[in-house]
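These are the residues of each chain, in order.
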Amino acid sequence: MINLDMKYENIAVITLNRPEAANALSKPFLQSLSEKLSQIQKNPSIHCAIITGTGTKAFCAGADLKERKEMSEKQVVEAVQYIGETVTAIENLRMPVIAALNGTAVGGGLELALACDLRIAASHVNLGLPETSLAIIPGAGGTQRLARLIGLGQAKRLIYTAKPITAQEALDIGLVEEIADKEVLLQTALTLARTIAKNGPIALKQAKIAINKGIETDMSTALTIEHLAYLETIPTLDRQEGLQAFREKRTPSYQGK
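Figured I'd write up the structure that's included with this text.

Analysis parameters
Residues numbered from 1 in each chain as written. Predicted model: local features only at pLDDT ≥ 70, side-chain atom pairs only at ≥ 80, totals over all residues. Heavy atoms only, no water. Pairing = 2+ DSSP bridges. Helix = DSSP H or I, 4+ residues; strand = E, 2+ residues; numbered from the N terminus. Expected span 1.5 Å × (residues − 1). Contact = heavy atoms within 4.5 Å. Buried < 20%, exposed > 50% of the residue type's maximum accessible area, 1.4 Å probe, protein only. Polar contact = N/O pair within 3.5 Å; in protein donor to acceptor, adjacent residues only side chain to side chain. Axes fitted to C-alpha atoms, helices over the stretch in contact; angles between N-to-C directions.

## Some details on the sheet that holds strand E9 (residues 165-166)
In step 1: Ordered in space as E4-E6-E8-E9, the 4 strands form an open sheet in which the pairing is mixed. If you trace the sheet from one side to the other, it starts and ends with strand E4 (58-60) and E9, each paired once.
In step 2: Relative to E9, strand E8 (residues 126-128) runs antiparallel, the two being bridged by 2 bridges. Residue pairing across strands places Leu127 opposite Ile165, the latter belonging to E9.

This is the structure we're talking about:
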């Protein structure tokens, strides 16, 4: 249901593999995903992660509506909260996370992608939050993360209209950072991941903390958060290795220490 590939040096690739249901977020599917997230979070050798899906049809279609039809109102709320908790777990991974959008990403699927640090979309995909057309709202962070990423006006347009947009439009409004042909999507994501993963893992973790926490507050507090994150990098062996490698004109070998 969820494949985890760690054959690439310092990079983990999580593949959503429920193509018969467009990778819809059922409870067992979320449980499997949560297990894989915990596994890479605890693995100090992983410096960057990629989340993608099988095939080219769907990255993730969001909530499993067939499963939801049998739920009480209380169970529906709990199911949405579970999706939200899983999405937040992605956001809270210590390493940078890239969403490689191999197919359509809608509803909870787009909310999952919004929790990633960077998004690369195959050129044929559509993205959207259709919840208002179902008389609900995005309930797994979509109203908050989307607005912070692309601004209030564009976020309101996407959520109020419930209409999907193309990969090109997503790029134009800053919803994705890059577009790739579907044949080279994963390779494009891996190239980016390798560029990231060669850098100091403690520095990457602290940069992520500084950016994500700082954006939530005022500038003065944000600068304090940045300073505290910077201080975490000073006593590390990696910082000494970076300076030594620079002097010796060689590629540094960072150990995350």
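## Some words on helix H1 (residues 27-41)
In step 1: In this model, H1 (15 residues) spans 21 Å end to end at C-alpha, consistent with the 21 Å of a helix rising 1.5 Å per residue.
In step 2: Of the surrounding elements, those touching the buried residues of H1 are strand E1 (2-8), strand E2 (11-16), strand E3 (48-53), helix H3 (73-91) and helix H4 (108-114).

## Re the pairing of strand E5 (residues 97-101)
In step 1: Of all the 5 residues making up E5, 5 are buried; the element is thus mostly covered by neighbouring parts of the structure.
In step 2: Side chains of E5 alternate between two faces, with Val97, Ala99 and Leu101 and Ile98 and Ala100 buried alike.
In step 3: Where E5 and strand E7 (residues 118-122) come together, 4 bridges link them in parallel fashion. When the sheet's bridge partners are listed, Ile98 is paired in E7 with Leu118.

## A look at the side chain of Thr188
In step 1: Summarising the element assignment, Thr188 is placed in helix H8 (residues 185-197).
In step 2: Separated by 2.8 Å, the side chain of Thr188 and the backbone oxygen of Val184 make a polar contact.

## Remarks on the sheet that holds E3
In step 1: Pairing within the open sheet is mixed, and its 6 strands lie in the order E1-E2-E3-E5-E7-E10. Lying at the two open borders of the sheet, with one neighbouring strand each, are E1 and strand E10 (178-180). Ignoring which end each strand starts from, the neighbouring axes of this sheet average 20 degrees apart.

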